[in-house]
Amino acid sequence: MKNLLTTEDLGRETLERLLDLSDEFVEVLDREIPKVPPLRGLTVATLFFEPSTRTRISFERAAKALSADVMSFSPGTSSLKKGESLKDTALTLRAMGADIMVVRHRAVGAPWRVAEWVDVPVVNGGDGAHQHPTQALLDALTIRRHFGKLDGLEIGIVGDIRHSRVARSDVYAFSTLGAKVTLIAPRTLLPRDLDGWPCTATGDLDDVIERLDVIYLLRVQTERGGATAFPSWPEYVSRFGLSRERFARLADGAVVMHPGPMNRGVEIAPEVADSDRALVLDQVRLGVAARMAVLFTLATGRGLTREVTA
Amino acid sequence: MRQVMDGDDVQRAISRIAHEILERHHGADGVVLVGIHTRGVPLAKAIADAIERFEHVRVPVGELDIGLYRDDLRRRPTPALARTLIPVDLTEERVILVDDVLYTGRTVRAALDAVSDLGRPQAIELAVLVDRGHRQLPIRPDYVGKNLPTSTAERVTVRLHDVDGDCGVWIDDEETR
């Protein structure tokens, strides 16, 4: 694996290898000294052109637990333009010694561009409404550790699918690992073109809720125009929110997931978010291990550039 | 391929190592065996079995994967990691690392680093089934099943029941393969 840009082209074997590796890093993170040395001397650069706290902190924690150094770039309040400035930023950080780059950008495809410009591995930390592969990996890890496997599980993803890179990444990863995925959203929040997505879609949560093993909730992305897609918030909440009443209809053993940040009282009732069947904090915790697996695989997979060119 | 130890020889060596451990430590108190993946793990279990036969006590057995501590990680493709599983707190215990073949000493160096990250044992010792020489680091074993003088061109193969189905030690000349 040279870069990690998308879950669409990841085979089952690669995914499972990353999950197996993640399991080992979960064990490392549980130790009294939660740190191991394999990336000593390497520098991971995070280039986040979009605001993010949890994803960036998670990557930095993962890098440090592998003994890598971290360089952080964030544009602050200035709005960087695409094109030259993205390229110059990437080349600059590379020249400063970045050995792996994690890129988040609001433009779809930006991490692919960076991967063409630099000679080091690139991880997509989220590009527009397109892909967020490490989120899919940590979600699959959370589910696999809870259920033992994804094969045959019914997973429903509810909410603003159209603007969600998490949904797209999850659909491909989950289905590759053998789960049956259903998207649940008003038509206006489903992707315009679902052709080729390995899943089904419905507009009726109550129709499918009882057969789900995992209900995965997404927030409505008002900053990307999600709230204009339905008549009113009360109507959205009444049809797609996981209320206490709907929560009670879930099958025994079914679990609730959410990538955060949660809007309590909208897509998820506060009591549901705090229930022990909500795996939200497990997702956050396991995210560090999943990102360690990605950084470790990229760093060791092809030998690092500095040595290859030496 | 020339066989230098058969299954019985391996079992005798394991029994002797178990006796030497008991002798040196005046029993099995505070001893923890830690096998280095892959073949150190069944060897550690076999030594623990032997100790149990002789003294009727079960010493804790751990498994250690040193993949994250290798010094050649960046030159070789991604290794699969095996499980690290240490059943007891190693602090103040007497840890005996167990491996099948001692050669350059680099694996043991990595294992020492890994153990140091897991706790602070009172002492760390080393037991190996075969010592084939050619050390590149200042490391020596405390318990040796068999000293096997080799040239660097030769290859030592250890096979154990739990991993390989049969048991023995073979030596062969790389150039004739």
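These figures come from a predicted structure and were not determined experimentally. (Residues numbered from 1 in each chain as written. Chains lettered and ligands numbered in written order. Predicted model: local features only at pLDDT ≥ 70, side-chain atom pairs only at ≥ 80, totals over all residues. Heavy atoms only, no water.)

## Description of the overall build of chain A
The following threshold applies: To qualify as a helix, a DSSP run of H or I must reach at least 4 residues; to qualify as a strand, a run of E must reach at least 2; elements of each kind are numbered from the N terminus. Taken over C-alpha atoms, the radius of gyration is set against a globule rule of 2.2 Å times the number of residues to the power 0.38. Residue burial is assigned from relative accessible area. The probe radius is 1.4 Å, only protein chains are included, and a residue is buried under 20% of its type maximum, exposed over 50%, and partly exposed in between. What sets the accessible areas is the Shrake-Rupley method with a 1.4 Å probe; for residues, cover comes only from the shown protein chains. Charged-residue counts in this description rest on Lys and Arg as positive and Asp and Glu as negative, His and the chain ends being excluded. Charged groups are reduced to one reference atom each: NZ for lysine, CZ for arginine, CG for aspartic acid, CD for glutamic acid.
Scanning chain A from terminus to terminus reveals twelve helices and nine strands. In summary, chain A has a C-alpha radius of gyration of 19 Å against a globular reference of 19 Å for 310 residues, a match within 12%. Reported as C-alpha extents along the three principal axes, the dimensions of chain A are approximately 60 × 40 × 35 Å. Within the span of chain A, comprising 310 residues, buried residues form 58% of the whole. Working note: accessible area of chain A is about 12,600 Å², and carbon and sulfur atoms make up 50% of it. Taken as two groups, the 39 positive and 41 negative side-chain charges of chain A have centres that lie 5 Å from each other.

## Some points on the nonpolar core
Stated precisely, the cut-off is as follows: Here, the term nonpolar core denotes a set of buried Ala, Val, Leu, Ile, Met, Phe, Trp, Tyr and Cys residues that are joined through side-chain atoms within 4.5 Å. Note that the domain bounds were set by an automatic or database domain assignment. Residues count as neighbours in contact if any of their non-hydrogen atoms are within 4.5 Å of one another.
Grouped together as the largest cluster of nonpolar side chains are 113 residues, with contacts concentrated most on Phe25(A), Ile157(A), Ile161(A), Ile215(A), Val256(A), Met292(A) and Leu64(B). Among the elements that line this core, the one with the most residues is helix α11 (residues 280-301) of chain A, at twelve residues. Here this core gathers at least three residues from each of two domains, domain 1 (12-131 + 284-301) and domain 2 (133-280) of chain A. Residues within four places of Phe25(A) in sequence aside, it is in contact with Leu66(A), Ala289(A), Met292(A), Ala293(A), Phe296(A), Leu68(B) and Leu81(B).

## Some details on the pattern of salt bridges
Selection criterion: Salt-bridge detection follows one rule: a side-chain nitrogen of Lys or Arg within 4 Å of a carboxyl oxygen of Asp or Glu.
On inspection of all chains with the given rule, the structure shows 35 salt bridges over all chains. The salt bridge partner of Glu223(A) is Arg219(A), with a shortest N-O separation of 2.9 Å. Arg106(B) is the salt-bridge partner of Asp71(B), the closest N and O atoms lying 2.8 Å from each other. Note that Asp71(B) is positioned in the loop between β3 (61-64) and β4 (94-102) and Arg106(B) in helix α3 (residues 106-118), a separation of 35 residues in sequence.

## Structural notes on the sheet that holds strand β4 (residues 122-127) of chain A
Residues and elements named next belong to chain A. As a reminder of what qualifies: Two strands qualify as a pair provided that DSSP identifies no fewer than 2 bridges between them. Only the stretch in contact is used when a helix axis is fitted, and all axes are lines through C-alpha atoms; the angle between N-to-C directions ranges over 0 to 180 degrees.
Here four strands make up an open sheet; going across it, the order is β2-β1-β3-β4 and the pairing parallel. The sheet is open, and its two borders are formed by β2 (69-73) and β4, each paired with just one other strand. Adjacent strand axes in the sheet meet at a mean angle of 15° when their direction is disregarded. Summarising the sheet, strand β1 (residues 43-48) and β2 pair through five bridges and their orientation is parallel. Its bridge partner lying in β2, Thr-46 is registered against Ser-72. Packing of helix α2 (residues 54-65) onto the sheet brings it into contact with β1, β2, β3 (100-105) and β4, and relative to β1 it is tilted by some 175°.

## Focus: the domain arrangement of chain A
Residues and elements named next belong to chain A. Put simply, the rule reads: Buried area is calculated as the accessible area (1.4 Å probe) missing from two parts once they are joined, with the contributions of both summed.
As far as domains go, chain A holds domain 1 (12-131 + 284-301) and domain 2 (133-280). For domain 1 and domain 2, the distance between their C-alpha centres works out to 25 Å. Tallying the contact residues gives 29 residues for domain 1 and 26 residues for domain 2. With both chains or domains summed, domain 1 and domain 2 bury close to 2,400 Å², and 58% of this area falls on carbon and sulfur atoms. When the buried surface of domain 1 facing domain 2 is broken down by residue, Arg-12, Leu-19 and Gln-131 rank first, second and third, together holding 26% of it. At the surface where domain 1 touches domain 2, the tally comes to six salt bridges. We note a salt bridge from Asp-23 to Arg-145, for which the minimum N-O separation is 2.6 Å. Looking at the side of domain 1 that touches domain 2, the elements that each hand over two or more residues are α1 (12-29), α2, β3, β4 and α11. Element by element, the count of residues in the side of domain 1 that touches domain 2 is highest for α1, at nine residues.

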